[in-house]
Amino acid sequence: MNSVNTVAPGLLADRLRPDRTALILIDLSNDFVHPLGKAATVGGRDVRPAQQILPAAGRLADAARQAGVAVIHCQHTTLPAGASDSPVWRDARSRASYSAEDICLDDSWGQAIVDELAPQPGDHIVKKYRYGGFSGTNLELILRSLRRDSVICCGVSTNVCVDTTAREAFSRDFYVTIAADACASWDMNLHAAALLTADRRFALVAPVEDIRAAWG
């Protein structure tokens, strides 16, 4: 599979200027990432790829805060008693690999962000109920209010929730960058394919260290 394009440092520096940029950390919750979470214990998912990106995602979040980049945690949420489940959503979830019907149940340990990336003072938390971070949430309101027109997406899974959120951002006329090595999937071939598609069509794809370097 062909690799993604190399992004010129000058382009990244302009695209990711701190006063215009928000970092969106997607679904880095215990149920998706922790070995005791439901993706692993109920769905049988190998969460090692997700575990392996936590240091890079942590470095990215720390650098973002130091630079004045807005940090937003998108937190997948299932409401109790099926309150967030439509027939279409239930049908899709019934066929989803490596999951559970009540994954990331609201206010549970499984929904909480992993300790390694725990939200810090000044961070924003957006509960989401579908794959994309914009559907039925206040994410766009926060971004517009903070006057951020450029977003960096990272998290899990690259080919589903990260990809959907990035596409939704692009469709709403936000510049999109994906932090390649701060994303993971249960199938890293799908991870690579998602990044290649994004790179060719709607986003810049760059490693964490290049993004951090853009902030000096």
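> Which parts of the structure should I look at to understand the pattern of salt bridges?
Side chains that carry opposite charge are capable of pairing whenever their charged atoms lie near each other. Enumeration over the complete set of coordinates arrives at 17 salt bridges. The salt bridge involving R17 is made with D19; its shortest N-O contact spans 2.6 Å. A salt bridge links R144 to E140; the shortest N-O distance between them is 3.1 Å. Of the two residues, R144 and E140 both sit in helix α7 (residues 139–145), four residues apart, roughly one turn of that helix. Accessibility expressed as a relative area gives 27% for E140, which makes it partly exposed.

> How should I be thinking about the side chain of T78 in this particular structure?
Note that T78 resides in the loop between β2 (70–76) and α6 (87–94). Sequence-distant contacts of T78, defined by excluding residues within four places in its chain, comprise S84, D85, E101, D102, I103, C104, L105 and D106.

> Teacher, can you tell me more about the sheet that holds β2 here?
Two modes of strand pairing occur in sheets, parallel and antiparallel, and in both the strands are linked by backbone hydrogen bonds. Strand order in the open sheet made by the six strands is β3-β2-β1-β4-β5-β6, with parallel pairing throughout. Each edge of the sheet is formed by a strand with only one pairing partner; in this case those strands are β3 (124–128) and β6 (204–206). Strand after strand, the sheet turns through a mean of 25° between neighbouring axes, direction not considered. Looking at chain direction, strand β1 (residues 21–26) and strand β4 (residues 150–156) are connected through six bridges and run parallel.

> In this structure, what is going on with the pairing of β4? I would like to understand it.
Burial of β4 is extensive: seven of the seven residues sit out of reach of the surface. Taking every second residue as pointing to the same face, both faces of β4 are buried, with S150, I152, C154 and V156 on one and V151, C153 and G155 on the other. Two elements, β4 and strand β5 (residues 175–184), share six bridges in a ladder whose sense is parallel. Note on β5: the bridge partner recorded for V151 is V176. Once you follow β4 into helix α8 (residues 158–171) and on to β5, the crossover reads as right-handed.

> Mind showing me how you'd approach the environment of A63 here?
With respect to the secondary-structure elements, A63 resides in helix α5 (residues 54–67). When the C-alpha positions of A63 and A96 are compared, they lie 34 Å apart, and in sequence the two are 33 residues distant. Sequence-distant contacts of A63, defined by excluding residues within four places in its chain, comprise R212 and W215.

> Help me out: how do you make sense of the confidence of the model for the chain in this one?
Segments scoring low in pLDDT should not have their predicted coordinates read at a detailed level. In this model, the chain carries a mean pLDDT of 95, and residues with pLDDT of at least 70 account for 99%. For the chain, α6 is the element with the lowest average pLDDT, namely 81, and β1 is the one with the highest, namely 99.

> Honestly, the packing of aromatic side chains in this entry has me stumped. Any pointers?
To describe a pair of aromatic rings, you give the distance between the ring centres and the angle between the ring planes. One pass over the structure, following the stated rule, counts two aromatic pairs. Taken together, a centroid distance of 6.0 Å and an interplanar angle of 35° make the contact between F134 and F174 tilted. Here F134, found in the loop between β3 and α7, pairs with F174, found in the loop between α8 and β5; they are 40 residues apart in sequence, far enough to count as distant. Look at F174 and you get buried, because its relative accessible area is 2%. Judged by centre distance (6.1 Å) and plane angle (45°), the ring pair of F170 and F202 falls under tilted. You can see F170 sitting in helix α8 and its partner F202 sitting in the loop between α9 (188–201) and β6, a full 32 residues away along the chain. Note on F170: relative accessible area 41%, which makes it partly exposed.

> What am I meant to see in unusual backbone geometry here?
Both trends apply: most residues other than glycine have a negative phi, and most peptide bonds are in trans. V156 connects to S157 through a cis peptide bond whose omega is -20°. For S157, the position within the fold is in the loop between β4 and α8. Even without being glycine, C104 reaches a positive phi, approximately 55°. Mapping C104 onto the fold places it in the loop between α6 and β3. The phi angle at D173 is positive, at roughly 70°, despite the residue not being glycine. Counting through the fold element by element, D173 comes out in the loop between α8 and β5. By relative accessible area, D173 is classed as exposed at 65%.

About the thresholds
Residues numbered from 1 in each chain as written. Predicted model: local features only at pLDDT ≥ 70, side-chain atom pairs only at ≥ 80, totals over all residues. Heavy atoms only, no water. Salt bridge = Lys/Arg side-chain N within 4 Å of Asp/Glu carboxyl O. Helix = DSSP H or I, 4+ residues; strand = E, 2+ residues; numbered from the N terminus. Buried < 20%, exposed > 50% of the residue type's maximum accessible area, 1.4 Å probe, protein only. Contact = heavy atoms within 4.5 Å. Pairing = 2+ DSSP bridges. Axes fitted to C-alpha atoms, helices over the stretch in contact; angles between N-to-C directions. Right-handed = clockwise from strand over helix to strand, strands pointing away. pLDDT = per-residue confidence, 0-100. Phe/Tyr/Trp six-rings, centres within 6.5 Å; stacked < 30°, edge-to-face > 60°.

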